[in-house]
Amino acid sequence: MLKFLVLDKGQPADHWSLRNCYLIGSDGNAMRGQVSFASGHLDVDKREAGNVALALQYPVGELGEITLQTCLLPDRDEPYLLSLELARHRLMTLYNKLEDWGMFDLSPDHPVSKRVDIARRLFIEALSVAADDKPRAHKLAQDCLISSLDGSEELALAHSELLLNRRRSTGSLPRHTIGCGVSLHQSDEIDSVPLQMLDHFDFLQVPVPWKLIAPEEGDYQWGQLDAWVKLAQQRRVPLVAGPLVCFDPANLPDWLYIWEHDYDTVRDLIYEHVERVVTRYRGSVRVWKVVSGLHVNSHLSFNFEQLMDLTRMTVMLVKKVQPSARVIIELRQPFGEYFASNARSIPPMMYADLIVQSAIAFDAFAIDLAMGQPVDGQFTRDLMQVSNLLDHFAPYSKPIYLTVGVPSEAITELMIASPDGKTAADPNSGHWRRPWSPTVQSHWLAAVMQIAVSKPFIEAVSWRELCDHAQISLPLSGLIDEGHQPKTALKRLVAFRRSLTEPAPAPGNQTFPDSTLQPAPPIEKDPDAITGS
């Protein structure tokens, strides 16, 4: 039996949200199970034996509302105190990363050192009173969680600052580092989009949604895609195109569902589609996202062998049609929550392992990391979780193309498609530090860009979409609003890109202020207003 006591204002909670709540097994993957709330307790019904960790969205004061997890815990009759176990895991993470990154020699007055000391003291005190005084233990554990979470984010930024300065000083930054995505839905409005904005990026990501370019079987409509390809050539901006194959409903044409139980026919249709697209644009596109999110497998009922066969076939086909092309395989929902409820899916890291071990001739991984929308894979995570996620890919010795995005305002019910078409979806996907706003979006962008580009295996980082528009997949996540005015996040991004070409500064503490919990970006000054160049 595994139970957690949940306190609210010192008393057992009357109600508790189970947003993004799932179990994690000893292998680090999500696992089958059921979590329910009643009478101030979370009851865990495991489908497998062994120790498990619990992950869920949890409020952490002024640091936001974030998906956190406990350590692996054995069954016991007495309920665990949820806040204490969340604090235990985060404090353990903080110590592990200090060791992994060799940063135990930070000065005593460094913000990370201060928060580690506070968190350790609070955790020891919480343990000492947990048996006799649950409300006091909860208060101490909550304060410990806040301090250790804040310290771990500080540590992620401090470590990334060191690595980024090293990459800059050694000249090891890639040539095309910062990019941005565009949408085919904007192709009719290309003339009204501020085209000089494109000059602030090293490359553009252009989607190739099968559903949009071939709404009817065999009837390809190239106009929207051609417009962006032509514009990129005119502006001399390199292109990353794709994904060519993605089973998400926004990408998969409706007519293909007729064959959803006939794998051989679907495979032949995919072969024909990929060959046609790559042949048409092989003179304009040098980097292809070939497949995206096949491991999630939430819309077509293909088995494990078929998914791997599709991955292998599409990679080989692109290499055959365009031998000089750079071929990328994209992972979606990289934290893998979906595996807890979808038995046909493959955990993201397992899928990555299988691809590497199968000797598929691809050139790089891509990771799609979006937050701020209450849909699978987009609940809010903190900076240390982002850094940890990226570090998991270091052993593969493959370059990483990272795509990121968060909204500039809180998502509302009106922006979310209701699952049953009748009821409004819950818009609470969590938030980082403060509710999403243009300022928070810009701070998050600056921090995540710094962490990502500092990793030596990161080849490029791209913002999800350039402009807000009605069909955008993550509402309000553009760098330019619908009135074609740049947001603060775009200015941050331009300043960060500009800083990559400047000499590495002397080491410093570009961290969150010690006196407040306001998010502070790694870039200390706002860039000048963006103008055409």
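Presented here is a report on the structure given in the accompanying data block. (Residues numbered from 1 in each chain as written. Predicted model: local features only at pLDDT ≥ 70, side-chain atom pairs only at ≥ 80, totals over all residues. Heavy atoms only, no water.)

1. Considerations on the overall build of the chain
Of regular secondary structure, the chain possesses eleven helices and 20 strands. Against the compact-globule benchmark of 24 Å for 533 residues, the chain has a radius of gyration of 23 Å, which places it among compact chains. Projected onto its principal axes, the C-alpha coordinates of the chain cover approximately 70 × 55 × 45 Å. In the chain, which comprises 533 residues, the proportion classed as buried is 58%. Contacts spanning at least 24 positions in sequence make up 75% of the contacts within the chain whose residues lie at least 6 apart. (Helix = DSSP H or I, 4+ residues; strand = E, 2+ residues; numbered from the N terminus. Rg over C-alpha atoms; globule rule 2.2 N^0.38 Å. Buried < 20%, exposed > 50% of the residue type's maximum accessible area, 1.4 Å probe, protein only. Contact = heavy atoms within 4.5 Å.)

2. Examining the pairing of strand β11 (residues 178–181)
Neither face of β11 is open: one carries I178 and C180, the other G179 and G181, and all of them are buried. As judged from the three bridges shared by β11 and strand β20 (residues 458–463), these two strands associate in the parallel manner. Opposite C180, over in β20, you have W463 as the bridge partner. (Pairing = 2+ DSSP bridges.)

3. So, the pairing of strand β12 (residues 203–206)
Burial along β12 is two-sided: F203 and Q205 and L204 and V206, pointing in opposite directions, are all buried. Bridge analysis of β11 against β12 gives three bridges, and the strand direction is parallel. Bridge pairing in β12 links G179 to F203. By the bridge criterion, three bridges tie β12 to strand β13 (residues 239–241) in an arrangement that is parallel. Note that in β13 the partner of V206 across the bridge is A241.

4. Quick look at the nonpolar core
Formed by 116 residues in total, the largest nonpolar core has its most connected members in F247, W288 and F393. Ranked by residues supplied to this core, first place goes to helix α10 (residues 438–454) with nine residues. Setting aside residues no more than four positions away along its own chain, F247 makes contact with L252, Y257, I270, S292, L294, H299, L300, F302, L307 and L310. L54, L81, L140 and L145 belong to the second largest nonpolar core, which has 40 residues in total. (Core = buried A, V, L, I, M, F, W, Y, C linked by side-chain atoms within 4.5 Å.)

5. Observations concerning the packing of aromatic side chains
Counting across every chain of the model gives 13 aromatic pairs. Seen in terms of ring centroids, Y263 and F302 are 5.3 Å apart; in terms of plane orientation they differ by 85°. Their pairing is edge-to-face. Here the residue Y263 occupies a position in helix α6 (residues 263–281), and F302 occupies one in the loop between β15 (287–292) and α7 (304–321), the gap between them amounting to 39 residues. Accessibility assignment for this pair places Y263 and F302 in one class, buried. Pairwise contacts between aromatic rings join F362, F365, F393 and Y396 into one cluster. Note that K398 overlies the ring of F362, its terminal NZ or CZ placed 4.4 Å from the centroid. (Phe/Tyr/Trp six-rings, centres within 6.5 Å; stacked < 30°, edge-to-face > 60°. Lys NZ or Arg CZ within 6 Å of the ring centre and 35° of its normal.)

6. Things to note about the pattern of salt bridges
In this structure the tally under the stated criterion is 29 salt bridges. As a salt-bridge pair, D382 and R90 come within 2.8 Å of each other at their nearest N and O atoms. Of the two residues, D382 is situated in the loop between β17 (364–370) and α9 (383–391) and R90 in helix α1 (residues 82–100); the sequence distance between them amounts to 292 residues. There is no split in this pair, since D382 and R90 are both buried. One salt bridge connects D368 with R464, and the closest N-O pair in it is separated by 2.7 Å. One end of the pair, D368, is in strand β17; the other, R464, is in the loop between β20 and α11 (488–499), and 96 residues separate them in sequence. (Salt bridge = Lys/Arg side-chain N within 4 Å of Asp/Glu carboxyl O.)

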